[in-house]
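So you can see what is in the structure, the chains are spelled out below.
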Amino acid sequence: MDQIEVIVVDQSGKTAGVVARIRRMVHDGTLREGDPLPSTRALAAELGVARGTVVAAYDQLDGEGWIRTRHGAVARVVASAGTGGVASIGGRGGAVGGLLPASDPGATAMAAAAARTIDCRPGVPAVTAIAQRDWRAAWRAAADAPLRNAVADPLGTVELRAQVVAQLGLSRGFAPSVDRVLLTAGTSEALSLVTEALRVRLGRAPVFAVEDPGYRTGQRAVLSAGGTVVGIPLDDDGMDLDALTAAPPVDVVLVTPTHQYPLGSVMPVARRQRLLAWAAATGTLVVEDDYDSEFRHRGSPVPALAALDADGVVLHVGGFSKTLDPRLRCSYVVLPGAAGVPVGAGSVAGVTDAVLGARRARGAVVAEPVQVALAHLLRTGALRRHLGRVRRDYTHRRARIAARLDDVVGLEARALTGGLHAVVVWSGPATGQEVAARMAGAGVLVSTLEEYGMAPGSTPAGLVLGYGAVTVPELDRALDALIASVERTETVA
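Fair warning: this is a prediction, and the values are worked out from it, not measured in the lab.

A. Examining the packing of helix α6 (residues 132-144) against helix α13 (residues 368-379) more closely. At a minimum axis distance of 8 Å, the contact between α6 and α13 shows a crossing angle of 130 degrees. Judged on the interaxial angle alone, α13 and α6 are oblique. Considering only the axes of α6 and α13, their crossing is right-handed. Residue-level contacts link Asp134, Trp135, Ala137, Ala138, Trp139, Ala141 and Ala142 of α6 to Pro369, Val370, Val372, Ala373, His376 and Leu377 of α13. A class-by-class count of the residues in the contact of α6 with α13 yields eleven nonpolar, one polar and one charged.

Pasting the structure below:
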């Protein structure tokens with residue numbers, strides 16, 4: 001505790017004083033990456049403050065990415081002056097060094113370059129934030145599961161599907177019957193499965209109305225499975241329903257109503273009800289992509305579109321890519337069915353049966369050990385605890401982005417009510433590609449807003465900045481690069 005003994009905390013500052021001092025000690029090199037910190041109880045006694053003050057300080061520093069705390073383990077520094085204020089967490093950049101032999105003269109330079117690169121492209125959450133004890137316990141449960149001489153159920157294990165139902169009831173406002181839930185290998189496979197089922201049922205290529213700009217990977221999944229897509233423009237409340245109803249007939253409407261991807265709008269209840277009424281009247285299937293609804297940073301939680309569905313027209317898609325790890329490749333589909341109506345009944349009964357048939361024909365796609373591990377995380381409450389921790393971290397990073405960009409003339413941050421990404425637009429002539437290229441030269445990777453548009457001019461110039469998997473020091477560096485790149489591009493233009 002020798003290094004921390006130098007802290008003198010003004011009692012009026014309390015938590016802020018502890019936080020500020022530890023930050024300074026990291027900056028000046030007194031504390032380095034990997035250094036252990038005293039226990040909260042020991043440091044509180046040393047400083048003469050309440051233990052809760054130190055706990056709150058450690059929580060804030062963990063959320064900002066300066067230290068990493070784990071239940072039952074010593075808190076350690078994960079950012080240091082020696083790495084430019086940025087630590088390599090969870091092996092970011094380490095793969096390059098690990099693959100190159102030490103004798104390779106280019107190994108050190110390549111590893112250093114990789115370590116300096118900050119990947120702010122959207123889609124990756126804070127994978128390493130889950131408590132290691134919970135993560136290991138889940139995989140021990142999978143390893144301890146009895147071996148079976150049997151073929152896996154194509155729909156998924158009953159236990160995981162039941163846990164998904166319970167989670168939906170707690171967090172999304174509806175609790176379907178287990179027989180309406182099936183597992184898929186990610187959202188793209190879910191959309192491919194639905195497209196294949198409809199193509200067989202209709203005897204032609206199904207037509208999907210999609211958001212423009214929208215989720216291009218999902219659109220490609222539809223196209224590769226034999227469907228066609230029609231772009232529908234957006235307004236401040238999501239998909240423009242006047243444009244949808246004026247368009248030629250479609251078979252499916254694919255929407256992200258809770259947090260439109262990528263622009264971030266939330267579809268109001270009145271518009272949701274109008275969409276559902278129109279779908280019921282026209283016999284159109286609505287596919288709800290509920291990709292990051294667990295993370296709401298401002299305002300009250302918004303129920304799922306499926307929670308409002310009284311006519312059985314909504315097929316709900318969710319998963320674990322944003323809450324845990326996209327590499328698990330596990331999502332789920334909730335088949336249409338009004339409350340109390342058995343599977344196989346309702347206005348889209350043919351769709352339900354067709355999707356079930358397609359799933360059984362393709363077979364199981366999520367390995368049972370993965371399902372057992374996920375069910376354990378849900379059943380024991382480990383996933384809920386993890387979500388509580390990372391919500392705090394994401395909310396803090398979201399506030400950081402808003403605070404940094406609010407005072408920059410000509411820059412605007414959007415899509416910050418929820419999720420794991422921000423959209424940044426500007427008023428000048430620079431394109432997203434120009435700014436992204438300059439940021440890449442500064443070691444920061446981002447996506448351009450233009451990448452998500454279908455029709456020319458459907459998006460303004462802008463960037464999509466993912467902040468789920470970066471620390472606050474990394475985020476600060478990325479924002480510095482963003483501001484400098486926009487200003488430089490504008491000057492050159």
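B. Layout of the sheet that holds strand β9 (residues 285-289). One open sheet holds the eight strands; their spatial order is β4-β11-β10-β9-β8-β5-β6-β7, and the pairing between them is mixed. Every other strand in the sheet has two partners, leaving β4 (181-184) and β7 (238-239) as the edge strands with one partner each. In this structure, strand β6 (residues 228-235) lies alongside β7, joined through two bridges in antiparallel fashion. What sits directly across from Leu234, in β7, is Met239. Lying on the sheet, helix α7 (residues 158-171) is in contact with β4, β10 (314-319) and β11 (331-334); it crosses β4 at an angle near 110 degrees.

C. Quick peek at the pairing of strand β5 (residues 207-212). The buried fraction of β5 is high, at six of six residues. Here β5 runs beside β6; their pairing, made up of six bridges, is parallel. Note that in β6 the partner of Glu211 across the bridge is Ile232. On the question of chirality, the crossover connecting β5 to the parallel β6 by way of helix α9 (residues 216-224) is right-handed. Where β5 meets strand β8 (residues 252-255), three bridges bridge the pair, whose relative direction is parallel. Counterpart to Val210 in the pairing with β8 is Leu254.

D. Molecular detail of the nonpolar core. If you look at the biggest cluster of nonpolar residues, it comprises 81 residues, and the most contacted ones within it are Leu160, Leu275, Phe320, Leu374 and Leu482. The contact partners of Leu374, leaving out residues within four places of it in the chain, are Leu160, Phe320, Leu324, Leu328 and Cys330. Grouped together as the second largest cluster of nonpolar side chains are 26 residues, Leu182, Phe208, Leu285 and Val333 included.

E. Representation of the sheet that holds strand β16 (residues 462-466) within the structure. Spatially, β12-β13-β16-β15 is the arrangement adopted by the four strands of the open sheet, whose pairing is antiparallel. Bordering the open sheet on either side are β12 (411-414) and β15 (447-448), each of which pairs with just one other strand. The pairing of β12 with strand β13 (residues 421-426) spans four bridges and is antiparallel. What sits directly across from Arg414, in β13, is Val423. Against the sheet, helix α15 (residues 432-441) makes contact with β13, β15 and β16, and its axis sits at roughly 45 degrees relative to β16, the strand it touches most.

F. Local environment of the pattern of salt bridges. Inspection of the entire model under this criterion finds 20 salt bridges. Residue Asp325 pairs with Arg327 through a salt bridge whose shortest N-O separation is 2.8 Å. Judged by relative accessible area, Arg327 falls into the exposed class, the value being 66%. Across the pair Arg392 and Asp393 runs a salt bridge, and its minimum N-O distance is 3.0 Å. Looking at Arg392, the relative accessible area reads 33%, which means it is partly exposed. Residue classification places Asp393 among the buried positions, given a relative accessible area of 3%.

G. Structural detail: the side chain of Ser188. Residue position: Ser188 is located in helix α8 (residues 187-202). By relative accessible area, which is 18% here, Ser188 ends up buried. Once you skip the residues sitting within four places of it in the chain, Ser188 turns out to touch Tyr215, Thr217 and Ala221.

H. Spotlight on the confidence of the model for the chain. Summary statistics for the chain give a mean pLDDT of 85 and a share of 85% for residues scoring 70 or more. The model gives residues 82-114 a pLDDT under 50, and that stretch makes 31 contacts with residues more than four places away or in other chains. In the model, residues 339-347 has pLDDT below 50 throughout and makes eleven contacts with residues more than four positions away in sequence or in other chains.

I. Seen up close, the environment of Ala484. Tracing the chain through its elements places Ala484 in helix α16 (residues 472-492). Classification of Ala484 by relative accessible area gives partly exposed; the value is 42%. When the C-alpha atoms of Ala484 and Arg438 are compared, they prove to be 8.9 Å apart, with 46 residues separating the residues in sequence.

The rules behind the values
Residues numbered from 1 in each chain as written. Predicted model: local features only at pLDDT ≥ 70, side-chain atom pairs only at ≥ 80, totals over all residues. Heavy atoms only, no water. Axes fitted to C-alpha atoms, helices over the stretch in contact; angles between N-to-C directions. Helix = DSSP H or I, 4+ residues; strand = E, 2+ residues; numbered from the N terminus. Parallel < 35°, antiparallel > 145°, perpendicular 65-115°, else oblique. Left-handed = near helix turned anticlockwise from the far one by under 90°. Contact = heavy atoms within 4.5 Å. Nonpolar A, V, L, I, M, F, W, Y, C, P; charged D, E, K, R; others polar. Pairing = 2+ DSSP bridges. Buried < 20%, exposed > 50% of the residue type's maximum accessible area, 1.4 Å probe, protein only. Right-handed = clockwise from strand over helix to strand, strands pointing away. Core = buried A, V, L, I, M, F, W, Y, C linked by side-chain atoms within 4.5 Å. Salt bridge = Lys/Arg side-chain N within 4 Å of Asp/Glu carboxyl O. pLDDT = per-residue confidence, 0-100.

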